[in-house]
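Each chain, letter by letter, is given below.
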Amino acid sequence: MKVFLLLLSVAALSCGQGPPAEPPGGQRCSGRNFEGRRCCTPEQPCGLGEGDCDGPLDGGVNDGHAGCQGELVCGSNNCKKFGLYFHEKDDCCDEPSSIPAVRPPPVIVPGAPLEPPTGQRCRGRNFNGRRCCTPEQPCGEGEGDCDGRGDGGLNDGDRGCRGALVCGSNNCAQFGAYYHEKDDCCEKPATVSAANPGPRQQSQGWGQWTQWGPCSASCGPGWKVKTRRCVGSRCGSDGFHAQDQQEQICIAPDCNEV
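Because the structure is a prediction, the values reported are computed rather than measured.

Digging into the overall build of the protein
Next, step 1: Secondary structure summary: the protein contains one helix and seven strands in total.
Next, step 2: Per-residue burial for the protein yields a buried fraction of 47% across its 258 residues.
Next, step 3: Accessible surface, the protein: about 12,900 Å² in total, of which carbon and sulfur atoms supply 55%.

Describing the packing of aromatic side chains
Next, step 1: If you walk through the whole model with that rule in mind, you get four aromatic pairs.
Next, step 2: With a centroid separation of 6.1 Å and 85° between ring planes, the pair formed by Phe34 and Tyr85 is classed as edge-to-face. Taken together, the residues Phe34 in the loop between helix H1 (2–14) and strand E1 (60–62) and Tyr85 in the loop between strand E2 (73–74) and strand E3 (93–94) connect sequence positions 51 residues apart.
Next, step 3: Relative accessible area serves as the criterion here: at 6%, Tyr85 is assigned to the buried category.
Next, step 4: Site record: aromatic cluster; members linked through ring pairs are Phe34, Tyr85 and Phe86.
Next, step 5: A cation over a ring is seen here: Arg103 above Trp223, with NZ or CZ 4.2 Å from the ring centre.
Next, step 6: The positively charged end of Lys226 is found above the aromatic ring belonging to Trp209, 5.2 Å away from the centroid.

So, the environment of Arg149
Next, step 1: Structurally, Arg149 can be placed in the loop between E3 and strand E4 (166–167).
Next, step 2: Spatially, the C-alpha atom of Arg149 lies 8.7 Å from that of Ser169, the residues being 20 residues apart in sequence.
Next, step 3: Among all residues touching Arg149, those that are not within four sequence positions of it are Asn155, Gly157 and Asp158.

Considerations on the nonpolar core
Next, step 1: Counting 15 residues, the largest nonpolar core has Cys53, Cys68, Phe86 and Cys93 as the members making the most contacts within it.
Next, step 2: Not counting the four nearest positions on each side in its chain, Cys68 is found in contact with Pro45, Cys46, Cys53, Val73, Cys74 and Cys93.
Next, step 3: Among the nonpolar cores identified, the runner-up in size contains nine residues, and Cys133, Cys146, Leu165 and Cys167 belong to it.

Re the pairing of strand E7 (residues 243–252)
Next, step 1: Counting buried positions along E7 gives nine out of 10 residues, so the element sits mostly inside the fold.
Next, step 2: Direction of pairing for E1 relative to E7: antiparallel, over a ladder of three bridges. The residue of E7 that forms the bridge with Asn62 is Gln243.
Next, step 3: Here strand E6 (residues 220–229) pairs with E7 via 10 bridges, running antiparallel. Paired with Lys226 across the bridge in E7 is Gln246.

A short note on the environment of Asp158
Next, step 1: Secondary-structure assignment places Asp158 in the loop between E3 and E4.
Next, step 2: In this structure Asp158 comes out as partly exposed when scored by relative accessible area, which is 21%.
Next, step 3: Spatially, the C-alpha atoms of Asp158 and Pro138 are 9.2 Å apart, while their sequence positions differ by 20 residues.
Next, step 4: Residues in contact with Asp158, not counting those within four places in the same chain, are Arg149, Leu165, Val166 and Cys167.
Next, step 5: Within the structure, the side chain of Asp158 is placed 2.6 Å from the side chain of Arg149, a separation counted as a polar contact.

A look at the side chain of Asp58
Next, step 1: Mapping Asp58 onto the fold places it in the loop between H1 and E1.
Next, step 2: For Asp58, a relative accessible area of 9% puts it in the buried group.
Next, step 3: Among the polar contacts made by the side chain of Asp58, one reaches the side chain of Lys182 at a distance of 2.6 Å.
Next, step 4: Contact partners of Asp58, with chain neighbours within four places excluded, come to Cys53, Asp91, Arg125, Arg130, His180 and Lys182.

Rules behind the numbers
Residues numbered from 1 in each chain as written. Predicted model: local features only at pLDDT ≥ 70, side-chain atom pairs only at ≥ 80, totals over all residues. Heavy atoms only, no water. Helix = DSSP H or I, 4+ residues; strand = E, 2+ residues; numbered from the N terminus. Buried < 20%, exposed > 50% of the residue type's maximum accessible area, 1.4 Å probe, protein only. Areas by Shrake-Rupley, 256 points an atom, 1.4 Å probe, with all protein chains shown as cover. Phe/Tyr/Trp six-rings, centres within 6.5 Å; stacked < 30°, edge-to-face > 60°. Lys NZ or Arg CZ within 6 Å of the ring centre and 35° of its normal. Contact = heavy atoms within 4.5 Å. Core = buried A, V, L, I, M, F, W, Y, C linked by side-chain atoms within 4.5 Å. Pairing = 2+ DSSP bridges. Polar contact = N/O pair within 3.5 Å; in protein donor to acceptor, adjacent residues only side chain to side chain.

Have a look at this one:
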């Protein structure tokens, strides 16, 4: 019955009726506004249009596409097309064709450093994982990732940032090109439009990192990626993640001028 209702919802979208304002009856995973983040897991994968899943486009520690059934993939901030009740940052299981075959090149903010400054404690999910900035160890300006109210669901508010600083939303690129596009950084309140946080990043049980892969661009800025997989019983956020991913900006110098 649940699958039938979901298919009816998707069919309604294709007929131009628009996404529903409320979850369909029987839908198990309806996003962080209802079940919290990462309702879709490898143990209980989701069907088409369900979320939130924790896929590779989130960077850092993630489930890959294992949180989705069959050949479905975990999208990125794509749930609104399935239902207005989803949070704007929810990721839903979608058709493989929904993810571009070629990743767009990174946008480098002029003046933003390519590497973290020496001594910076929290440098985003490509280095420290998500939520390095916590109420117990708050961050300074330009550090991340923090877990603010812009992420919806359970979050730290601005308590992961020092003093009067606030936790922004997908705003870290202005502080450094080494950040992931979804990292949230502490910043001054003028530039920005809680609850039971537990530890979310652990190192035990991880295998070795792979070597950095090739640059995604043959000319100009691109990405290179390395990964590691869980080989123990507990890895990553609260011990349940299967893989971890780091990304780094790369700039290919061999551009043939025409």
